[in-house]
Amino acid sequence: MKKGKNLTIRDIAEAAGVSAATVSLVLNGKGDISGVTRAKVLEAVASLNYVPRASKSTSEPGETLRFLKIAKHGHTVNRDHSVFISDYIDGMSAEATRRNYTLEVVSFEGQPISSVAESLAGSPISGVVALGTELTEADIRLIQGLGYPTVFIDTFFDVIDANFVDMNNEDAVFKVLSRFHQQGFRRIGFVASHVETTNFRLRRDAFFKNMARLGLSVDAADILSVESTYDGAYSDTRQLLADGLDLAECYFCTNDIIAYGFIRALREHGLTIPDDVSIIGFDNLPQSATMDPGLTTIEVSKRKIGYLAVTILDDLINSTEPQPAVKILVGADLVLRGSHEKLVQRNKTRAAKLQIPAQ
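As the structure is a computational prediction, the values presented were derived from the model and not from experiment. (Residues numbered from 1 in each chain as written. Predicted model: local features only at pLDDT ≥ 70, side-chain atom pairs only at ≥ 80, totals over all residues. Heavy atoms only, no water.)

> Can you walk me through unusual backbone geometry in this structure?
Glycine aside, residues mostly have negative phi, and peptide bonds are mostly found in the trans state. For the bond running from isoleucine 273 to proline 274, omega is 5 degrees, close enough to zero to count as cis. Residue position: proline 274 is located in the loop between helix H10 (256-268) and strand S9 (278-280). With omega at -5 degrees, the peptide bond leading from aspartate 292 into proline 293 counts as cis. Locating proline 293 in the fold gives a position in the loop between helix H11 (287-290) and strand S10 (297-299). The phi dihedral of aspartate 154 is positive, around 65 degrees, even though this residue is not glycine. Among the structural elements, aspartate 154 can be located in the loop between strand S4 (150-153) and strand S5 (163-167). Since its relative accessible area comes to 6%, aspartate 154 is described here as buried. Look at asparagine 284: it is not a glycine, yet its phi comes out positive at around 50 degrees. In this structure, asparagine 284 sits in the loop between S9 and H11. Here asparagine 284 falls in the buried class, since its relative accessible area comes to 19%. (Helix = DSSP H or I, 4+ residues; strand = E, 2+ residues; numbered from the N terminus. Buried < 20%, exposed > 50% of the residue type's maximum accessible area, 1.4 Å probe, protein only.)

Here is the structure:
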């Protein structure tokens, strides 16, 4: 199929398997469209590098912003997270439209960062929002050095002179561990991943820091490391269990996808969630609400992050003098679902048997 500026809404509709009217509603942020359908449309937009036409309702065409959806290795930026990324795009698109910008979505999958840089050189755009999930410090510096006003989302580096909007990982992990602590757990495990991303590293660091803050000790045997894909997390957990893993009372999983694979392996091993093991994830992906029991997880507003990225970009574009780097961390909420309710009841039962106050 053709790609780029010659595409029409009908081309996007065909690729996404929906009607042209649905595509129009999604691109304009209107209508009661399900998250899954919206994700299909935005995934087609990204994969085909569709560039929407400028709105005819304005007297002059707005300037163009470009969102770079970058999947260097695809271990974390993949179809499992399409809804997650579509929420970022929703937030950016709504604010870009409000500020009279056209938003381009350009996707790079498995390409070297030099290809991303080459695509930007000389482009008639006013600013860039880059998905930094799988980017290294060197990648950030390369894109930042091209001279465009740029904001990176879904990543954070303290010492790089660049603009970042990310979730507050330390705050989020503290809420997870505080919940476990309040429920009386003392042996708390962490399902990490050996896939290198900044947010994964920040969550790992936050786990150790907040365990110490809560006066809880960490057993090295309770720190697990698995692949970040669903199949990889499932396979690695199966192997750990086959090797005789001594399970902790509960686990914080680095993200929901890892939690899904982890839970599947535990269930196949004859364990029940949360009766045998309690689990909390991170990302609040749609499947977390439909699982049985529903997965307790961390929610960070991806739309808010997208909105803030465009807001910062607009300030940079319209500033008449150099601006200091802006680094924003968006707070998190712990979404309690069925697993938590069952866990509370289990602790009450256990406390009654032991004749001690329930926590």
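> Could you clarify how one ought to interpret the confidence of the model for the protein chain in this entry?
Should the pLDDT be low somewhere, the predicted coordinates at that spot are not to be read in detail. Mean pLDDT over the protein chain stands at 86; residues scoring 70 or higher make up 84%. Considering each helix and strand of the protein chain separately, the mean pLDDT is smallest for helix H13 (residues 338-354), with a value of 55, and largest for strand S7 (residues 223-226), with 98. Predicted confidence is poor over residues 53-61, with pLDDT under 50, and the contacts of this stretch with residues over four places away or in other chains come to four contacts. (pLDDT = per-residue confidence, 0-100. Contact = heavy atoms within 4.5 Å.)

> What is the right way to look at the environment of tyrosine 101 in this model?
In this structure, tyrosine 101 sits in the loop between helix H4 (82-98) and strand S2 (102-109). Separated by 25 residues in the primary sequence, tyrosine 101 and serine 126 place their C-alpha atoms 9.2 Å from one another. Beyond its immediate sequence surroundings of up to four residues, tyrosine 101 is in contact with Glu63, Leu65, Ala96, Asp314, Ile317 and Asn318.

> Explain the pairing of S5 to me, please; I cannot follow it from the model alone.
The side chains of a regular strand alternate between the sheet's two faces. In terms of burial, S5 is a largely internal element, five of the five residues being buried. Across three bridges, S4 lies against S5 in parallel orientation. Considered in S5, the bridge of isoleucine 153 is made with valine 165. (Pairing = 2+ DSSP bridges.)

> It is not clear to me how the pattern of salt bridges should be interpreted in this structure. Could you clarify?
Side-chain pairs of opposite charge can arise where the charged atoms are in close proximity. Scanning all chains against the criterion turns up 16 salt bridges. The shortest N-O distance in the salt bridge between glutamate 268 and arginine 264 comes to 3.3 Å. Highlighted residues: glutamate 268 and arginine 264, both in helix H10, separated by four residues, approximately one helical turn. Overall, glutamate 268 belongs to the partly exposed group, its relative accessible area being 48%. Residue classification places arginine 264 among the partly exposed positions, given a relative accessible area of 31%. Beyond isolated ion pairs, a larger network of salt bridges with shared partners links Glu95, Arg98, Arg99 and Asp314. (Salt bridge = Lys/Arg side-chain N within 4 Å of Asp/Glu carboxyl O.)

> Got a minute to help me understand helix H12 (residues 302-318) in this structure?
An α-helical turn contains 3.6 residues, so any two residues separated by three or four positions project in the same direction. Between the first and last C-alpha of H12 there are 25 Å, a value that for 17 residues agrees with the 24 Å anticipated at 1.5 Å per step. The buried fraction of H12 is high, at twelve of 17 residues. Three or more residues of H12 are buried, namely Lys302, Ile305, Gly306, Leu308, Ala309, Val310, Thr311, Ile312, Leu313, Asp314, Leu316 and Ile317. Where H12 begins, the side chain of serine 301 points an oxygen toward the backbone nitrogen of lysine 304, at a separation of 3.0 Å. (Expected span 1.5 Å × (residues − 1). Polar contact = N/O pair within 3.5 Å; in protein donor to acceptor, adjacent residues only side chain to side chain.)

> Before we go on, may I ask you to explain the sheet that holds S5 in this structure?
What links the strands of a sheet is backbone hydrogen bonding, and the strands pair in either a parallel or an antiparallel sense. Pairing within the open sheet is parallel, and its six strands lie in the order S2-S1-S3-S4-S5-S11. Either end of the sheet is taken by a strand with one partner, and the two such strands are S2 and strand S11 (327-330). Sheet twist, expressed as the mean angle between neighbouring strand axes with direction ignored, is 20 degrees. The pairing of S5 with S11 spans four bridges and is parallel. From the neighbouring strand, phenylalanine 164 faces S11, where its bridge partner is lysine 327. Contacts from helix H5 (residues 113-120) reach strand S1 (64-71), S2 and strand S3 (127-131) within the one sheet, and its direction differs from that of S1 by about 170 degrees. The sheet strands contacting helix H6 (residues 137-144) are S1, S4 and S5, and the helix crosses S4 at an angle near 155 degrees. (Axes fitted to C-alpha atoms, helices over the stretch in contact; angles between N-to-C directions.)

> Help me understand H4 in this model?
Taking 1.5 Å as the rise per residue, H4 with 17 residues should run 24 Å; its terminal C-alpha atoms sit 24 Å apart, in good agreement. With its phi angle positive at about 65 degrees, asparagine 100 sits one or two positions after the end of H4.

> Whenever I open this one, the side chain of threonine 237 confuses me. Can you help?
When you line up the elements, threonine 237 lands in helix H9 (residues 230-242). Setting aside chain neighbours within four positions, we find threonine 237 in contact with Val226, Phe262 and Ala265.

> Where do I start with the environment of methionine 167 in this structure?
Inspection of the secondary structure puts methionine 167 in strand S5. The buried category is assigned to methionine 167, whose relative accessible area is 1%. Sequence-wise, methionine 167 and leucine 329 are 162 residues apart; in three dimensions their C-alpha atoms are separated by 5.1 Å. Look past the residues within four positions of methionine 167 in its chain and what remains in contact with it is Phe84, Tyr88, Asp154, Asn199, Arg203, Phe282, Val300, Ile305, Leu329 and Val330.

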